[in-house]
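Coordinates in review
Given next are the chains, with one letter for each unit.
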Amino acid sequence: MNKHFTLSGIFQSKVTWAVIAEALILLVCFIIRPDFFSISYQPSTGMLYGSLIDILNRSAEITIISMGMTLVIALGGTDLSVGALVAVAGAIALKFLRWDVLTYNTPGDYTVYPYVLVLVVPLAVCALMGLFNGFLVAKGGIQPIIATLILMVCGRGVAQILTDGKQFTTGYSPFRIIGQGSFLYLPMPVVITIAVVLAVALFTRKTAFGAFVESVGVNSSASRLSGIKADQVILIVFMITGLLSGIAGLIYSSRIMSNDSNNAGLNFEMDAILAVVIGGTNMAGGKFSLTGTIVGSLIIRTIVTFVYYFGIVSEATMAFKAMIIAVVIVLQSEPVREFFARRARKREARLERGAA
Amino acid sequence: MMTNKQSILSKLTNPKYIMVYATVGIFLAVYAFGAFAYADKGFLTVRTFVNLFIDNAYYGISAVGMTMVLITGGIDLSVGAVASLTGMFIAYGTSVLGLHPLTCIAAALVMGISLGLLMGWVIHCLNVPAFITTLTGMFFARGVCSLISRESIDINHTMFDSLASWKIYLMKYSAGKWVRIRPIAFINFNVILFLVMIAIGMFILQRTRFGRNIYAVGGNEQSAALMGLPVGKTKILVYGFNGLCSVLAGISYALYVKSGWNLSLQGGELEVITCAVIGGTLLTGGVGYMIGTLFGVLLKSVIPALITFNGNLLSWWGKIATGLLLLIFICIQRFVVSSSSSRK
């Protein structure tokens with residue numbers, strides 16, 4: 001525990017830059033419109049409202065997925081299949097709510113199969129698909145980006161075939177709670193996100209699992225020699241990511257109360273990877289920061305909210321997002337961080353000389 | 001004379017070409033399956049074969065640049081968005097601004113190549129992962145597309161129309177004169193551009209210093225740098241060349257659909273990467289051949305053709321079949337790599 005909190009050390013940390021970026025974006029929001037931070041309570045729904053709550057609520061899916069993605073990237077890989085798994089989870093859930101279209105051709109407050117199955121089966125299938133990815137990586141020795149490309153390419157096809165290419169809608173109220181309900185004044189997706197973050201954080205930081213992941217990410221054969229079952233670690237990490245994609249899929253489909261195999265989870269893999277990298281986890285593997293990832297995910301969502309809130313033409317969102325992310329990435333890049341760290345070191349040296 | 005023949009034979013049986021042979025073999029097998037199953041529906045005709053090129057030329061053109069990027073050990077996710085932006089340039093320029101298509105194409109070329117060079121510079125000099133850099137490039141290009149217009153714009157220009165409808169009919173010699181073969185088959189500008197780009201890519205990779213540098217950088221970047229090879233220049237130029245290929249693919253796609261749309265070719269980058277991977281290019285870098293990519297494109301495009309000929313299957317089975325194909329290829333690659341490393 002001999003961490004020295006020196007200025008140069010702080011400037012060298014990527015998480016610092018992510019927090020600075022998020023603070024700057026929020027500051028700009030506040031300057032342009034001071035009521036950006038206002039939060040109000042709506043007694044009829046029992047929920048808090050406000051742009052900050054909205055950012056937390058809308059970033060739920062990406063934050064949940066990127067918790068798993070952080071672990072995958074810490075292993076030195078990437079998981080491209082998460083977006084497709086979001087679509088698969090939605091398709092299965094809606095199929096179980098509305099299995100027999102002929103008998104139940106109008107969406108209403110009912111479920112055809114027990115509600116437990118509606119929730120458990122999609123999660124189980126997604127976890128199995130994650131396990132399939134993990135199997136290819138761990139046992140087949142295939143590069144993660146390629147191994148997960150397979151499910152990314154055919155996952156949406158599977159989702160479409162499961163529902164015969166149809167889009168179902170439902171009105172089942174317990175299902176609505178997942179994406180639109182509230183708990184303790186907070187929107188349900190935020191509550192689920194907090195639960196997931198706590199679970200992953202406890203699992204990785206309070207057990208040795210996090211250290212195993214980092215060690216496999218740095219050098220998998222060395223960690224195997226030191227007694228870590230690298231294969232098992234990889235399998236578990238990919239299974240967790242699959243499971244979390246399933247949870248995100250249930251939230252997504254509960255928000256729209258429908259399955260949308262074409263658009264559900266579209267580009268989620270990209271946003272999740274971005275969130276992790278902005279959050280300071282190196283794509284080459286090794287150390288990971290869950291806090292950084294949460295900040296990364298919030299940055300991505302804040303940019304989008306910013307664009308909507310200030311009435312910038314919504315078509316510009318993508319270009320705007322690209323430019324801010326480009327700035328963050330350049331600020332985080334090695335030469336720039338080195339530059340600031342060197343200046344800070346010089347100042348520290350000067351101070352020390354002054355003290356002596 | 002004899003030794004010459006032998007050397008050609010030993011060149012062809014070199015184990016480094018095994019992935020290319022696997023691609024060609026599986027393509028022939030799938031094609032033969034189609035020939036047996038749907039011969040009565042005309043699967044065997046020249047037209048079906050030529051249509052594989054016509055319908056997928058834009059993916060093929062982009063795959064030329066992508067193969068090179070993958071050989072250096074990088075990746076480029078921006079190709080679909082840049083191609084789509086090229087289409088928007090041409091559509092908006094000719095139909096709304098009234099510019100000549102060549103002006104628009106020139107502007108698109110400048111845009112694509114400079115974006116590619118910029119991304120290469122960020123990847124090499126700022127040491128940002130290629131995945132993240134080109135992903136940002138993709139967001140940027142897609143965003144500019146949507147800024148230009150959110151609706152599809154038709155392209156109406158006499159020169160552009162004549163280029164799009166220009167075609168060479170395939171002829172055969174019968175009864176003392178040349179006649180068009182039946183059912184009528186033709187090749188168009190896109191097919192020629194595709195084949196020319198494949199030839200250029202082959203030439204660059206096999207016959208130029210730049211090509212050898214690409215393999216060296218992908219094989220082991222550190223050793224390449226220690227040998228004094230221009231690693232940075234090679235990497236930056238490869239992304240620039242890929243930008244050029246994306247723009248050409250965008251032109252080809254615009255000729256194919258005669259319109260520009262901000263959401264066109266969404267996910268195209270992964271189609272292109274899939275083509276290169278089933279063509280035998282390794283994503284770890286250092287391995288890949290242009291001829292493999294050519295057959296990769298053909299193999300990927302023959303599957304939708306088979307599903308169309310079947311007529312009863314949902315088109316979604318195409319995606320699943322492509323996924324399975326990827327799985328098969330990855331397993332073969334894995335097998336080849338492990339057997340060749342155990343030989344050492």
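Along each chain, the written sequence defines residue order, and numbers are assigned to residues from 1. Working convention: letters from A go to chains and numbers from 1 go to ligands, in the order in which they are written. With the structure being a predicted model, the display of local features is reserved for residues of pLDDT at least 70 and the display and counting of side-chain atom pairs for 80 or more, all residues being used for whole-chain, interface and lining totals. To obtain the side-chain values, all non-hydrogen atoms of the structure were included, while hydrogens and water were left out.

Looking now at the overall build of chain A. What chain A contains, in helices and strands, is 16 helices and four strands. Only the C-alpha atoms count toward the radius of gyration. The rule for a globule is 2.2 Å times the residue count to the power 0.38. A compact globule built from 356 residues would reach a C-alpha radius of gyration of about 21 Å, and chain A, at 22 Å, matches this within 12%. Relative accessibility decides the category of a residue: with a 1.4 Å probe and only protein chains considered, values under 20% of the type maximum give buried, values over 50% give exposed, and everything between is partly exposed. Here chain A, with 356 residues, has 54% of them falling under the buried criterion. By sequence separation, contacts in chain A at least 24 residues apart represent 76% of the contacts at least 6 residues apart. Per-residue and other accessible areas were derived by the Shrake-Rupley procedure at a 1.4 Å probe size, with only the shown protein chains allowed to occlude residues. In the form shown here, chain A has an accessible surface area of approximately 15500 Å², with 66% of it arising from carbon and sulfur atoms. Strands here are runs of E lasting at least two residues and helices are runs of H or I lasting at least four, both read from the DSSP assignment and numbered beginning at the N terminus. Any two residues whose heavy atoms approach within 4.5 Å are treated as being in contact.

Time to look at the side chain of S254(A). Residue and element names in this part refer to chain A. Secondary-structure assignment places S254 in helix 12 (residues 230-256). Throughout this description, a polar contact denotes any pair of N or O atoms lying within 3.5 Å of each other; where both atoms belong to protein, one of them has to be capable of donating a hydrogen while the other can accept it, and for residues adjacent in sequence the pair is counted only when both atoms sit in side chains. One polar contact links the side chain of S254 to the main-chain carbonyl oxygen of F175, over a distance of 2.8 Å. Polar contacts involving the side chain of S254 include one to the main-chain amide nitrogen of G179, which spans 2.8 Å. Setting aside residues up to four positions removed in sequence, S254 forms contacts with F175, R176, I178, G179 and Q180.

Once that is clear, we can look at the packing of aromatic side chains. Residues and elements named next belong to chain B. Only Phe, Tyr and Trp rings are paired, with Trp represented by its six-membered ring, and only when their centres lie within 6.5 Å; those with planes under 30 degrees apart are stacked, over 60 edge-to-face, the remainder tilted. As enumerated under the stated definition, the model contains 20 aromatic pairs over all chains in all. Ring geometry for F27 against Y31: centres 5.7 Å apart, planes inclined by 35°, an arrangement best described as tilted. Highlighted residues: F27 and Y31, both in helix 2 (residues 18-38), separated by four residues, approximately one helical turn. Assigned by exposure class, F27 and Y31 land together as buried.

Moving on, we get to helix 13 (residues 268-278) of chain A. All names here are of chain A. Within helix 13, 11 of the 11 residues are buried, leaving the element largely enclosed by the surrounding structure. Along helix 13, the residues that are buried comprise F268, E269, M270, D271, A272, I273, L274, A275, V276, V277 and I278. Directly beyond the C-terminal end of helix 13, a positive phi value near 100° is found at G280.

To continue, consider the pattern of salt bridges. Should a side-chain nitrogen of Lys or Arg be within 4 Å of a carboxyl oxygen of Asp or Glu, the pair is scored as a salt bridge. Overall, the coordinates contain seven salt bridges over all chains when judged by the stated rule. A salt bridge links K139(A) to D231(A); its shortest N-O distance comes to 3.6 Å. With K139(A) in the loop between helix 6 (115-138) and helix 7 (144-162) and D231(A) in helix 12, this pair connects stretches of sequence that are 92 residues apart. Of the charged contacts in the structure, one is a salt bridge between E271(B) and K300(B), with a shortest N-O distance of 2.7 Å. Here E271(B) is found in helix 12 (residues 268-278), whereas its partner K300(B) is found in helix 13 (residues 290-310), with 29 residues between them in sequence. Accessibility expressed as a relative area gives 26% for E271(B), which makes it partly exposed. K300(B) sits in the buried class, given a relative accessible area of 10%.

All names here are of chain B. In the predicted model, chain B carries a mean pLDDT of 88, and 96% of its residues have values of at least 70. The pLDDT value expresses, per residue, how confident the predictor is, ranging between 0 and 100. The least confident element of chain B, judged by mean pLDDT, is helix 1 (residues 2-12) at 65; the most confident is helix 11 (residues 231-257) at 95. ipTM for the predicted complex: 0.80, alongside a pTM of 0.86.

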